[in-house]
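Remarks on the overall topology
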Amino acid sequence: MFFYRVGQFFKAITAKVTEDDIIFINNYLSHKEKELFFKLKVYDQKHCIDVAKDIKIYFQKNNIKNEDLSILKNDLIKAGLLHDIGKIKKNLNPIQKSILVILDKFSKGKLKNLDNIKAIDIYYNHDKEGYKLLKENNYSKEFLNLVKNHHNYDIDSVEINILRASDDKN
Ligand SMILES: [Fe+2]
C-alpha cells in the first residue's frame, strides 16, 4: 500500500498529456466537455485519460458490443474521461492528497466528519459535485449515475464495475 501510494505520487507529479491523448480526447468529448475537462489539474486529466483508455481496451479484449450495455460503449469511455470532473471545484495537489490519505487512514475514516473544510469536502464529494456539474446537460440518467456513484460500492452494475475496475487500476 505504501509503495503503491509513493508510485501514485510520482505518477501525479510527472503527469503529462500527450498529443496522442489529445487525439483520444477529441474522439469522445464535445467542445463544451473539453472546456470542462481541461479545467482539471494535469494529473487528474491524465488519470481520467488512463481510465478511459483502459475501458476501451477492456471492450476490445472482451469483445463487448453496445447491445451488452445499458449505455453506448462510447458513452462509458466518455464517463471514464468525466468521472472525476467534480474535482475542478477545488483541486488538491499531490502532496495535499497524500496527506489526506494518510490522515484518513489514521482517523479510520472519521475525516469525513470534517467536510466543512472545502478541500476535504471535494476529496470525498467530487462524485456528487461532478454529478451536479453535468446534470444541467442532456446526459442520460445512466451516464449521470456513473459519475455520481463511482465511489459508492452499494451501487452495482456491469457498467459501473467496468468504470471502477479501470479507475482502481489507475
Ligand atoms: Fe473519483
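Residues numbered from 1 in each chain as written. Predicted model: local features only at pLDDT ≥ 70, side-chain atom pairs only at ≥ 80, totals over all residues. Heavy atoms only, no water.

By the naming in an unreviewed UniProt entry, the chain goes by HD domain-containing protein and is assigned to Clostridium senegalense.

**Focus: the nonpolar core**
Condition: Side-chain atoms within 4.5 Å link the members of a nonpolar core, which is a set of buried Ala, Val, Leu, Ile, Met, Phe, Trp, Tyr and Cys residues. Type-normalised accessible area, obtained with a 1.4 Å probe on protein chains alone, sets the label of each residue: buried when under 20%, exposed when over 50%, and partly exposed for intermediate values. Helix numbers and strand numbers start at the N terminus; a helix is a DSSP run of H or I with at least 4 residues, a strand a run of E with at least 2. Between two residues, a contact is recorded if the distance between any of their heavy atoms is within 4.5 Å.
Membership of the largest hydrophobic core comes to 32 residues, with the highest contact counts inside it found for F37, I55, F59, L76, L81 and L134. Those elements giving two or more residues to this core turn out to be α2 (19–28), α3 (31–37), α4 (42–61), α5 (73–82), α8 (141–149) and α9 (158–169). Setting aside its immediate chain neighbours within four residues, I55 contacts L76, I77, G80, I162, L163 and S166.

**Remarks on the environment of K110**
Mapped onto the elements of the fold, K110 is located in the loop between α6 (94–106) and α7 (118–134). When the C-alpha positions of K110 and N27 are compared, they lie 41 Å apart, and in sequence the two are 83 residues distant.

**Notes on the environment of E33**
By the secondary structure assignment, E33 is in helix α3. Note on E33: relative accessible area 6%, which makes it buried. Once the C-alpha coordinates of E33 and E19 are considered, the two residues, 14 residues apart in sequence, prove to be 18 Å apart.

**As for a nonpolar patch on the surface**
Short version of the rule: Every patch collects residues that have over 30% relative accessible area and no salt bridge, joining them within 9 Å if they carry like charges and within 5 Å if they are nonpolar side chains (Val, Leu, Ile, Met, Phe, Trp, Tyr). Shrake-Rupley sampling with a 1.4 Å probe provides the accessible areas, and residues are treated as covered by the protein chains on show and by no other component. For this document, the term salt bridge refers to a Lys or Arg side-chain nitrogen within 4 Å of an Asp or Glu carboxyl oxygen.
Together, I95, I99 and L103 make up an exposed nonpolar region whose accessible area comes to about 280 Å². Counting through the fold element by element, I99 comes out in helix α6.

**A closer look at the coordination of the iron ion**
Octahedral six-donor coordination of a metal ideally yields angles of 90 or 180 degrees, compared with 109.5 degrees for tetrahedral four-donor coordination. For the record, the criterion: Sites may look incomplete, because water is not among the atoms used; the donor set itself consists of N, O and S atoms within 2.8 Å of the metal (3.2 Å for Na, K and Ca). Irregular is the default label, applied whenever a site is not tetrahedral (four donors, all angles between 85 and 135 degrees) and neither square planar nor octahedral (four or six donors, opposite donors over 155 degrees apart, all other angles between 65 and 115).
D84 (OD), H126 (NE2), H150 (NE2) and H151 (NE2) make up the full set of protein donors to the iron ion, lying at 2.1 to 2.2 Å. One can describe the site at the iron ion as irregular: its four donor atoms subtend angles covering 85 to 175° at the metal. The sequence pattern describing where the donors of the iron ion fall on their chain is D-x41-H-x23-H-H. Look at H150 and you get buried, because its relative accessible area is 1%. The exposure class assigned to H151 is partly exposed, which follows from its relative accessible area of 38%.

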